[in-house]
Amino acid sequence: GGAEGARAGRGARLMTAVSVEGLWKGFHDRRRDDVLVALQDVSLTIEDNEFVCVLGPSGCGKSTLLRILAGLEEADRGTVTMAARPSVVFQDHGVLPWLTVEQNVEYPLRLRGVRRSARRERVAPLLDMVGLTEFRGFYPHQLSGGMRQRTSVARALADDGATLLMDEPFGALDEQTRVVLQQELLKIWSQTSRSVLFITHSVDEALVLADRVVVMSARPGRILADVRVPFDRPRDILE
Ligand code: ADP
Ligand code: MG
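A short tour of the structure in this document, coming up. Keep in mind that what you see is a predicted model, and the values were worked out from it rather than measured.

## Some points on helix α2 (residues 62-69)
Thought 1: With six of its eight residues buried, α2 lies for the most part within the structure.
Thought 2: Three or more residues of α2 are buried, namely Lys-62, Thr-64, Leu-65, Leu-66, Ile-68 and Leu-69.
Thought 3: Once α2 ends, the next one or two residues include Gly-71, with phi positive near 80 degrees.

Here it is in structure tokens:
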């Protein structure tokens, strides 16, 4: 069965970080009493330490794919295998409202039993990177949408060892902040060997970030192309 299959391989040791095979997902459309096919036979792999962007128009099933990878949604058919646990940055609402900025960022470390002083040491440079050091004691309701999003990005980066699943994480940010975070994400990625699946609808963003770009079609979401990005690293995003 698809649902069982989609869970079976989580945590297995593999050469590839993420392997998706023949994924199908439909949603019941109550208005038309019909099934809307969100994902149609989607297959892709992400090698260890590879940065893959999934590019596609709005509504093509990108978030559905990510939610299945994160274990938040069940596929109708197909299998998902992940070598490491996922750490997710959602399109929005990615922070815990009862924790401060700093507590949100260190949350994955706390879950793993890392001591308070070691947590603080680890998250300080990340808070600095996303420009939230002076807001570290603030709660999410006291922040702008962009600041909440930056908190969510810093938290995923703090979660060492996890495969990063990022759903248009910079989509709602202003241009300047976006470029800074793209640059910092690449820096951290190159320093810490992580596998990344990064969803975007921006061709530019995919080209500056990715090793490979997986292009999806509009509904039903299918994979149209899987293209290696020919630019050398390190990359200067502004260039
Ligand atoms: P994207 O992230 O590429 O914009 P989504 O994965 O969010 O696309 O959605 C793909 C399609 O599936 C859309 O047509 C959307 O309306 C539909 N869809 C997504 N989630 C649900 C759901 N929980 N119930 C019904 N339809 C959904
Ligand atoms: Mg989406």
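## Let's talk about the coordination of the magnesium ion (ligand 2)
Thought 1: The protein atoms donating to the magnesium ion (ligand 2) are Ser-63 (OG) and Gln-91 (OE1), with metal-donor distances spanning 2.1 to 2.7 Å. A residue pair is termed long-range when its members are at least 10 positions apart, and Ser-63 in helix α2 and Gln-91 in the loop between β5 (86-89) and α3 (101-105) qualify at 28 residues.
Thought 2: When its relative accessible area of 37% is taken as the criterion, Gln-91 is described as partly exposed.

## As for the sheet that holds strand β2 (residues 34-47)
Thought 1: Pairing within the open sheet is antiparallel, and its three strands lie in the order β2-β1-β4. Bordering the open sheet on either side are β2 and β4 (77-82), each of which pairs with just one other strand. Strand-to-strand, the axes of this sheet are offset by a mean angle of 20 degrees, without reference to chain direction.
Thought 2: Here strand β1 (residues 16-29) pairs with β2 via 10 bridges, running antiparallel. Its bridge partner being in β2, Val-20 is matched across the sheet by Leu-44.
Thought 3: In this fold α2 packs onto β1, β2 and β4, with an angle of close to 120 degrees to the strand it touches most, β1.

## Thoughts on the sheet that holds strand β3 (residues 51-55)
Thought 1: Judged by pairing direction, the sheet is mixed, and its six strands sit side by side in the order β5-β6-β7-β3-β8-β9 without closing on themselves. What marks the edges here is a single partner per strand, and that holds for β5 and β9 (223-228). Taking the axes of each pair of neighbouring strands and ignoring which way they run, one obtains an average angle of 15 degrees across the sheet.
Thought 2: When strand β8 (residues 212-216) meets β9, the two strands line up antiparallel, connected through five bridges. Looking at β9, one finds that Arg-212 is bridged to Arg-228.
Thought 3: In this fold α2 packs onto β3, β5, β6 (163-167), β7 (196-200) and β8, with an angle of close to 155 degrees to the strand it touches most, β7.

## Quick word on the site of ligand 1
Thought 1: Ligand 1 sits among Phe-27, Leu-36, Ala-38, Pro-57, Ser-58, Gly-59, Cys-60, Gly-61, Lys-62, Ser-63, Thr-64 and Arg-219.
Thought 2: One of the backbone nitrogen or oxygen atoms of Gly-59 is found 2.7 Å away from an oxygen atom of ligand 1.
Thought 3: Between ligand 1 and Lys-62, the relevant distance is 2.9 Å, taken from an oxygen atom to a side-chain nitrogen or oxygen of the residue.
Thought 4: Protein chains shield 64% of the accessible area of ligand 1, which is 560 Å² for the free molecule.
Thought 5: It is α2 that provides the largest number of residues to the shell around ligand 1, a total of three residues.
Thought 6: Taken together, the residues of the shell around ligand 1 break down into five nonpolar, five polar and two charged.

## Remarks on the nonpolar core
Thought 1: By size, the foremost hydrophobic cluster in this structure holds 39 residues, and its most contacted members are Phe-51, Leu-157, Met-166, Leu-185 and Phe-198.
Thought 2: Contributing elements (two or more residues each) for this core: β3, α3, α5 (116-129), α6 (145-158), β6, α7 (175-192), β7 and α8 (203-209).
Thought 3: With near-sequence residues (within four places) excluded, Leu-157 lies in contact with Arg-122, Leu-126, Met-129, Leu-164, Leu-185, Ile-188 and Arg-194.
Thought 4: Formed by 25 residues, the second largest nonpolar core is a distinct cluster that contains Val-42, Val-54, Ile-68 and Val-80.

The rules behind these values
Residues numbered from 1 in each chain as written. Chains lettered and ligands numbered in written order. Predicted model: local features only at pLDDT ≥ 70, side-chain atom pairs only at ≥ 80, totals over all residues. Heavy atoms only, no water. Buried < 20%, exposed > 50% of the residue type's maximum accessible area, 1.4 Å probe, protein only. Helix = DSSP H or I, 4+ residues; strand = E, 2+ residues; numbered from the N terminus. Donors = N, O, S within 2.8 Å, 3.2 Å for Na, K, Ca; no water. Pairing = 2+ DSSP bridges. Axes fitted to C-alpha atoms, helices over the stretch in contact; angles between N-to-C directions. Contact = heavy atoms within 4.5 Å. Near = heavy atom within 4 Å. Polar contact = N/O pair within 3.5 Å; in protein donor to acceptor, adjacent residues only side chain to side chain. Areas by Shrake-Rupley, 256 points an atom, 1.4 Å probe, with all protein chains shown as cover. Nonpolar A, V, L, I, M, F, W, Y, C, P; charged D, E, K, R; others polar. Core = buried A, V, L, I, M, F, W, Y, C linked by side-chain atoms within 4.5 Å.

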